[in-house]
Amino acid sequence: MQSDENQTDETTSETSPPPGKGPGLTLVATPIGNLGDLSPRALAVLRAADVVLCEDTRVTAPMLARHGVSVSLLPLHEHNEDAATPKLIARMAGGQRLALVSDAGTPLMSDPGYRLVRAAIAEGVTVSAVPGPNAAVMALTLSGLPPNPHLFHGFLPPRDAARAAELARFRAMERAGLSATLIFYEAPHRLGDTLAGMAEVLGPERPAAVARELTKRFEEVRRGSLAELAAHYAEHQARGEIVLLVGPPGEEVPEAEASLDDRLRAALAGGESLRDAAALVAAATGLPRKQVYARALEMKGEA
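Residues numbered from 1 in each chain as written. Predicted model: local features only at pLDDT ≥ 70, side-chain atom pairs only at ≥ 80, totals over all residues. Heavy atoms only, no water.

Enquirer: Before we go on, may I ask you to explain helix α9 (residues 226–235) in this structure?
Expert: Because an α-helix completes one turn every 3.6 residues, residues spaced three or four positions apart along the sequence face the same direction. Within the sequence span of α9, burial applies to L226, L229, A230, H232 and Y233. Down the axis of α9, the smallest arc covering the buried residues is 165 degrees, so these residues share one side. Exposed positions of α9 whose direction lies more than 90 degrees from the buried face are E228, A234 and E235. Of the surrounding secondary structure, the elements contacted by the buried residues of α9 are α8 (191–202), β8 (207–212), β9 (220–225) and β10 (242–246). (Buried < 20%, exposed > 50% of the residue type's maximum accessible area, 1.4 Å probe, protein only. Helix = DSSP H or I, 4+ residues; strand = E, 2+ residues; numbered from the N terminus. Arc of directions from axis to C-beta. Contact = heavy atoms within 4.5 Å.)

Enquirer: Can you help me understand the sheet that holds strand β4 (residues 97–100) in this one?
Expert: A sheet is described by the order of its strands in space; here five strands give the open sequence β3-β2-β4-β1-β5, paired in parallel fashion. Edge positions in the sheet fall to β3 (72–75) and β5 (127–130), since each has one partner strand and no second. Between one strand axis and the next, the sheet turns through 25 degrees on average, direction left out of account. With four bridges connecting them, strand β1 (residues 24–28) and β5 associate as parallel partners. Opposite T26, over in β5, you have S128 as the bridge partner. (Pairing = 2+ DSSP bridges. Axes fitted to C-alpha atoms, helices over the stretch in contact; angles between N-to-C directions.)

Enquirer: Just checking my understanding: could you explain the pattern of salt bridges for this structure?
Expert: Where charged atoms from two side chains of opposite charge approach closely, those side chains can pair. Considering all chains together, one arrives at 14 salt bridges under this definition. R115 is the partner of E81 in a salt bridge, and the nearest nitrogen-oxygen pair spans 3.3 Å. Placement of the pair is E81 in helix α4 (residues 81–93) and R115 in helix α5 (residues 114–122), with a sequence separation of 34 residues. Where D82 meets R115, a salt bridge forms, and the shortest distance between an N and an O atom there is 3.0 Å. Taken together, the residues D82 in helix α4 and R115 in helix α5 connect sequence positions 33 residues apart. Using a relative accessible area of 51% as the deciding quantity, one classes D82 as exposed. Classification of R115 as partly exposed rests on a relative accessible area of 33%. Each member of the salt-bridge network shares a partner with another, and the members are E81, D82 and R115. (Salt bridge = Lys/Arg side-chain N within 4 Å of Asp/Glu carboxyl O.)

And the structure:
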């Protein structure tokens, strides 16, 4: 195994410069709580950057100062990413090295940067990354829930009606055959309501876990059913950064024995379009998408 890893490193160095050593964009993962989790390679890339792009300079500047890194910072967030992207692409095309960090964790994972990365790729700009902390992955490994397959969603809509609709969409996908651990981020003041909504839509006995303040002094992972967790957080206000995980559905969700028509009806009942419902069912059953879509069209004609 060691020789394979060495061979991979040598091959990479021959085909492209190491992350942060040449012009282009490097995505740098930063600590999700414990500042000691910033890797030596991440520090080297940040020191070498001409500019570090960050969500909030008030968050990133103290982190860099702690490690003795002095570098120009530019804010990049959801409100300015579209306008800033052409200028940033021009900088990199002109030979500058840019690093992108989020306030905490791995860039683009429910954080800004996707539009910049897509534009950089389209323009032939080198995009690389320095891996590191990620709250969703850490919470998954600590949850006691099946790690594979899993589906990371990020934040649910904050409003009750929109959140319920999104959860109903997940339930429809499960009825169509999806069986995965679901991973969400949530704000502490919405956690109780979200858990209650999940218990109602996904089922009160579904196994779940709430991970909060990961890598920090008061790190906690609470495990139980959705109903149990909803009851707890209805009485106890959560604090800190939160990851919410829901285990895969049990036997009450139709699986192999479910007919193709049943799966399509369930997906359509969840609000999916005909084409999307067919794609979901095809992925769940392994049947050819054209075959599933043809049957969906037949069912529409029979209705």
